[in-house]
Amino acid sequence: MLFASFSSDMMSRLCGALLCFISFCTCAQPSITPLSTELERMEKLRSSSVADFIHQLPLLESELFHASPYERDYYRLLQAYRLGLSGQLLDAYQHLEPLLASTTDPNLRTRAMALAVNVLVLSKNYRDAFHYLNELSLTLHQGLDGRTVEQASAVIALTLLQLSKYDEAQYYIQLLQQTASSDQALCHANYLQIEVLFGEQRWQELEAKVGDAVALCVLHQEHLYSLLILNKYHEMLIEDARFVEAIEFYNAKKNDFKASQYPIIVAQTMALAAEAYMAQGELGLAHSLLSSARDKVDGNDTHQASRAIFKASYLLAEAEGDYQQALADFKEFSYRQSDFHSDIAAREQAFQLAKVEISAKLQQIELLSKDNQLLHLQQQVLSKEAQNARLLLGLFLLLLLVLGFLAYQGLMGRHRFKFMAENDELTGISNRYHFNKLAEKSLLHCKKQGMTVGVILFDLDHFKQINDKFGHATGDWVLQQVVQSCRNFMRLDDVFGRLGGEEFAILLPGCHADKALMLAEICRDSIEDIDTKRSGHEFLLTASFGVTSSDTSGYELKQLLSDADQAMYRAKQGGRNQVHFFTGTPAAKSQP
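1. So, the nonpolar core
- Ranked by internal contacts, the top residues of the largest apolar core, which has 110 residues, are L96 and L192.
- The greatest single-element share of this core, amounting to 12 residues, is contributed by helix α14 (residues 263-279).
- For L96, the residues in contact, after removing those within four places along its chain, are L77, A80, A112, L115 and A116.

Below, the structure is given as structure tokens:
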């Protein structure tokens, strides 16, 4: 593994990319000198003994005084690898920047770009990473040696896989397969192909390919890749609900996984096996596996193994009726899941932004080229008729531009006014009118489908006192933080609205009363955990919740909100900062 200390969710994929760096290429130098021979030795040492590589590379620095430009650049690239291996990602990238700007060797520059992509992705600097990725893709057919093309193709394919761009990734995987100069490179390509098949849920093709892919990697001692492929096959069995086969597979391969030096992969495999045992009713074995899995990972990490562990844990606790533990594990799982989706969104946003900026630059280049052609024509064409034609063309284009701009402004204005009419300006969620509209539509659908609907109504405790004591700016901050905190735990089809002041409502299609109560408890706890010091003042922030469901209150929105309101006032009468479910008994009104 190239960089030993990181906890990214894409751990297995990044391991693959970084090993591509280690396994693939040594550069062909212009001439053989003692220093170039030593640099090649360092290149090989990097893949065989990372510790020796980190220790011995600085010893060559004293020989750089008489080195050629190529040797200095080669040493700088190896030094960037060394810094990355030591966890110094920022320093590694700073070493690469002058190399990317000045080296005249195309293979060295391409390798530096590939390393930059990995360093920037690990640093979560996705925007710069995808700029280099686009540039890297343009260099593949510019006379590079075969091993450099292998390396660049693998990095591009892996990065595209992280964005679920399977069709685009497939092109570079095929390029890697066509240019592979060793069975090790084919092993890497097979692993990337397995990732594509898994992402597209092509289970039959994946199952047919796994055996040969693992055998090739094992034959050439690519043990990490064989484990990654086996783990992906195990995950496929769980996704396809083939739990008996998943258990048989785990029992057949568990010794191979346990003997490896990759605890995160082992932990994820154990969590998957626990889920399979739980599905078969073997709760004791599931408990044992989850306990062993937790011992292998840092509980604060948000990578895929931790998510798998907490998902299986809360499902197991729920199956055993331990709802308090289920709630605690579900909160841990939700936190990691939210962090995972946020990271995916950041990568996708940066990728699209990079594409737009690259496209804009290409258009600018094209426009400059056209301008040069036009200037050349203007010098050749002196007739008045041609000048008038160009003038008319310019006026026509200007008219189209003005009309297009006006149409765009009108369209954006309509969208803006519609958004303002339907959403609360302060918090960004639905206002009362839009909430009622969406809720009525959802209730009608659920009633037709026979689906249960849950409703949560909550009100911030003593909110008026917060406004009066600390000002409306603090009150606005509180409302925004409450909405942001609660939205983390909602599904895409849940309807969330601000009914007025400090009162909010959530409609939960397809949600039974117990799940609605659990979500209300999570939101109540999340609101209480808000750090109010960030507002510039310190105060207690709590909310009282009322919950009902269509099983109790029917499918009329007015009745659902009325019953949830009754339950909410029972929570306030009980001392606030509570969740109450509507039982059918009216509650006396109290102060908010």
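Okay, back to it.
2. Focus: the pairing of strand β2 (residues 495-500)
- With 5 of its 6 residues buried, β2 lies for the most part within the structure.
- Hairpin connection from β2 to strand β3 (residues 503-509): 2 residues lie between these consecutive antiparallel strands, with G501 at a positive phi of about 55°.

3. Quick notes on the side chain of S430
- Note on placement: S430 falls in the loop between α18 (384-422) and α19 (432-449).
- The exposure class of S430 is buried, given its relative accessible area of 7%.
- Beyond its immediate chain neighbours, meaning those up to four positions away, S430 contacts E422, N423, D424, F435, L438, F496, G497 and R498.

4. Thoughts on helix α24 (residues 557-573)
- Its 17 residues give α24 an end-to-end C-alpha distance of 24 Å, which sits within 8% of 24 Å, the value for a rise of 1.5 Å per residue.
- Counted residue by residue, α24 has 12 buried out of 17 residues, so it is predominantly covered.
- Buried residues belonging to α24 abut α19, β1 (453-460), β3, β4 (543-549), α23 (550-553) and β5 (579-581).
- Positive phi appears at G575, one or two residues downstream of α24, with a value of about 120°.

5. Some details on the state of the cysteines
- Considering all chains together, one arrives at 1 disulfide under this definition.
- The disulfide partner of C187 is C217, and the gap between their sulfur atoms is 1.9 Å. One quick way to see it: the torsion about the S-S bond of C187 and C217 is about 105°, and its sign makes the bridge right-handed. A residue pair is termed long-range when its members are at least 10 positions apart, and C187 in helix α10 (residues 183-199) and C217 in helix α11 (residues 203-219) qualify at 30 residues. When sorted by exposure, C187 lands in the same class as C217, which is buried.
- Of all cysteine sulfurs, the one in C523 lies closest to C486, which takes part in no disulfide; the gap is 3.9 Å.

6. Some remarks on the packing of aromatic side chains
- Summed over the entire model, instances satisfying the criterion amount to 10 aromatic pairs.
- Here the aromatic rings of Y171 and Y172 are separated by 4.9 Å at their centres, their planes lie at 85°, and the arrangement is edge-to-face.
- For Y171, a relative accessible area of 42% gives the class partly exposed.
- With a centroid separation of 5.5 Å and an interplanar angle of 55°, the aromatic rings of F198 and W203 are classed as tilted.
- Three or more aromatic residues link up through ring pairs in this structure, and these residues are F458, F496, F504 and F545.
- The cationic tip of K232 hangs over the ring face of F198; the distance from NZ or CZ to the ring centre is 4.5 Å.

Criteria and thresholds
- Residues numbered from 1 in each chain as written.
- Predicted model: local features only at pLDDT ≥ 70, side-chain atom pairs only at ≥ 80, totals over all residues.
- Heavy atoms only, no water.
- Core = buried A, V, L, I, M, F, W, Y, C linked by side-chain atoms within 4.5 Å.
- Buried < 20%, exposed > 50% of the residue type's maximum accessible area, 1.4 Å probe, protein only.
- Helix = DSSP H or I, 4+ residues; strand = E, 2+ residues; numbered from the N terminus.
- Contact = heavy atoms within 4.5 Å.
- Pairing = 2+ DSSP bridges.
- Expected span 1.5 Å × (residues − 1).
- Disulfide = S-S within 2.5 Å.
- Phe/Tyr/Trp six-rings, centres within 6.5 Å; stacked < 30°, edge-to-face > 60°.
- Lys NZ or Arg CZ within 6 Å of the ring centre and 35° of its normal.

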